[in-house]
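Each chain, letter by letter, is given below.
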Amino acid sequence: MKEKAREARLEQRVVGLVPTMGALHAGHLALVERARQECAPLYASIFLNPKQFAPQEDLSRYPRPLEADIQKLTAARVDGLFLPEAAEIYPRGYATYVDVEGLSDRLEGKSRPGHFRGVATVVLKLFEIVQPHRAYFGRKDAQQVRLIEQMVRDLNLDTEVVVCPIVREADGLAMSSRNTYLSAEERPAASVLHRALNAVAEAAARGVGDAIELQRVLRKVLEGERRARVDYAEIVDAETFEPVVRITRRCYALVAAYVGRARLIDNLLIKPDGEDLRVEL
Ligand code: AMP
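First, a word on scope: everything that follows refers to the structure included in this document.

## Description of the overall build of the protein chain
Broken down by element type, the protein chain carries nine helices and nine strands. Projecting the C-alpha coordinates of the protein chain onto the three principal axes gives extents of approximately 55 × 45 × 40 Å. Sorting the 281 residues of the protein chain into buried and exposed places 53% on the buried side. Intrachain contacts of the protein chain at a sequence separation of at least 6 include 69% that bridge at least 24 residues. Carbon and sulfur atoms make up 48% of the accessible area of the protein chain, which amounts to about 13700 Å² in all. Mean positive and mean negative side-chain charge positions of the protein chain (41 and 41 charges, respectively) differ by 2 Å.

Right under this line is the structure:
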């Protein structure tokens, strides 16, 4: 992988990378599509990173449809798939980790101790191996992409992080490899994350800039769905991921909730624009 990417860089070509954990869906393929327009060669990686899963999490049952993934990436015309083994990425005696302070302790990091350390470590390793000019991530994992941007800045990495919009199912459910955990009865309930964020979007569009009020709107819709168990539902600053009282800068409404055994996350971006608030679901 290193040799291939190095050759391309020497030929002054723009190297792109789309890192994934596999079980590919239209959200992943949207990243590939965008990247293919901007990069050649474009590499995708599939690596189910054990270090970003806590012991009681779903690593062992995470879907691994490798043949279908390869077909999708071939159809999407990526130039190569980087598919390392866990033992290649973390050989015996592996000892080095990346900790992004502050951001790693809040929200997703608080609910999933060690998760962001695993994410930052593997993304740095992927960036070192491929040394892409551009790497593509989804805004669905808003805190993850903010963490990666922080790492890139702090460690003077030469990779540009490109953030792509959230791809959703027809009822608004954000696409996720974990959606396959939902039973037929649970599936309709899973759209409550989107319904709740949509209610916040409507309130913000009406000019509600009070974060406490927006949080109330968010939680009220979530509480109306008995199949959903909320982990967190917050309005936070888009840079620091600290709570805010008013929307005066870019903010996120963030939700994490369990529906059955699926842990789902979603978010809404809220941006002040003069007197108005603009939203991106
Ligand atoms: P994962 O395989 O879950 O690690 O995701 C790989 C990349 O795809 C990450 O950058 C995710 O943010 C992105 N991604 C996952 N689901 C979506 C989605 N529904 N829309 C946009 N990007 C997504």
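## Some points on the side chain of Ser 45
Position of Ser 45 relative to the elements: it lies in strand 2 (residues 42–46). A residue is classified by how much of its surface remains accessible, and Ser 45, at 0% relative accessible area, is buried. With near-sequence residues (within four places) excluded, Ser 45 lies in contact with Leu 17, Val 18, Pro 19, Thr 20, Leu 81, Phe 82 and Leu 126.

## Some remarks on the packing of helix 6 (residues 115–130) against helix 7 (residues 142–154)
Direction vectors running N to C along helix 6 and helix 7 enclose 55 degrees, while the axes themselves pass 10 Å from each other. Put simply, helix 6 runs oblique to helix 7. As for the relative orientation of helix 6 and helix 7, their crossing is right-handed in sense. On helix 7, the residues touching Phe 116, Val 119, Ala 120, Val 123, Leu 124 and Phe 127 of helix 6 are Gln 143, Gln 144, Leu 147, Ile 148, Met 151 and Val 152. A per-class count over the contact of helix 6 with helix 7 returns ten nonpolar, two polar and no charged.

## With respect to unusual backbone geometry
A cis amide bond links Ala 40 to the next residue, Pro 41, at an omega of 5 degrees. One non-glycine residue, Leu 107, lies in positive phi territory at about 50 degrees. Its place among the elements puts Leu 107 in the loop between helix 4 (86–89) and helix 5 (108–111). Its relative accessible area of 11% is what places Leu 107 among the buried residues. The backbone of Gln 131 shows a phi angle near 45 degrees, a positive value even though the residue is not glycine. By secondary structure assignment, the location of Gln 131 is in the loop between helix 6 and strand 4 (134–138). Looking at Gln 131, the relative accessible area reads 37%, which means it is partly exposed.

## As for the sheet that holds strand 4
Backbone hydrogen bonds hold the strands of a sheet together, and the pairing may be parallel or antiparallel. With parallel pairing, five strands are arranged side by side in an open sheet as 3-2-1-4-5. A single partner strand is all that each edge strand has here, and the edge strands are strand 3 (80–82) and strand 5 (160–164). Strand after strand, the sheet turns through a mean of 30 degrees between neighbouring axes, direction not considered. By the bridge criterion, two bridges tie strand 1 (residues 16–20) to strand 4 in an arrangement that is parallel. Bridge pairing in strand 4 places Leu 17 opposite Ala 135. Against the sheet, helix 7 engages strand 4 and strand 5, with an angle of about 165 degrees to strand 5.

## A few points about the sheet that holds strand 8 (residues 262–273)
If you trace the four strands from one edge of the open sheet to the other, you get 6-7-8-9, paired in antiparallel fashion. If you trace the sheet from one side to the other, it starts and ends with strand 6 (228–237) and strand 9 (276–280), each paired once. Taking each pair of neighbouring strands and ignoring which way they run, the sheet shows an average axis angle of 20 degrees. One ladder, built from nine bridges, connects strand 6 with strand 7 (residues 251–259); its direction is antiparallel. Along strand 7, the bridge assignment pairs Val 230 with Ala 257.

## A look at the pairing of strand 5
Sheet analysis places strand 4 next to strand 5, joined by five bridges and oriented parallel. Paired with Ala 135 across the strands is Val 161, a residue of strand 5. With helix 7 bridging strand 4 and its parallel neighbour strand 5, the resulting β-α-β unit is right-handed.

## Comments concerning the environment of Tyr 258
Looking at the secondary structure, you find Tyr 258 in strand 7. For the pair Tyr 258 and Val 123, spaced 135 residues apart in the sequence, the C-alpha separation amounts to 26 Å. Apart from residues no more than four positions distant in its own chain, Tyr 258 is found in contact with Arg 227, Ala 228, Arg 229 and Arg 263.

So, how was this worked out
Residues numbered from 1 in each chain as written. Predicted model: local features only at pLDDT ≥ 70, side-chain atom pairs only at ≥ 80, totals over all residues. Heavy atoms only, no water. Helix = DSSP H or I, 4+ residues; strand = E, 2+ residues; numbered from the N terminus. Buried < 20%, exposed > 50% of the residue type's maximum accessible area, 1.4 Å probe, protein only. Contact = heavy atoms within 4.5 Å. Areas by Shrake-Rupley, 256 points an atom, 1.4 Å probe, with all protein chains shown as cover. Lys, Arg positive; Asp, Glu negative; His and termini not counted. Charge placed at Lys NZ, Arg CZ, Asp CG, Glu CD. Axes fitted to C-alpha atoms, helices over the stretch in contact; angles between N-to-C directions. Parallel < 35°, antiparallel > 145°, perpendicular 65-115°, else oblique. Left-handed = near helix turned anticlockwise from the far one by under 90°. Nonpolar A, V, L, I, M, F, W, Y, C, P; charged D, E, K, R; others polar. Pairing = 2+ DSSP bridges. Right-handed = clockwise from strand over helix to strand, strands pointing away.

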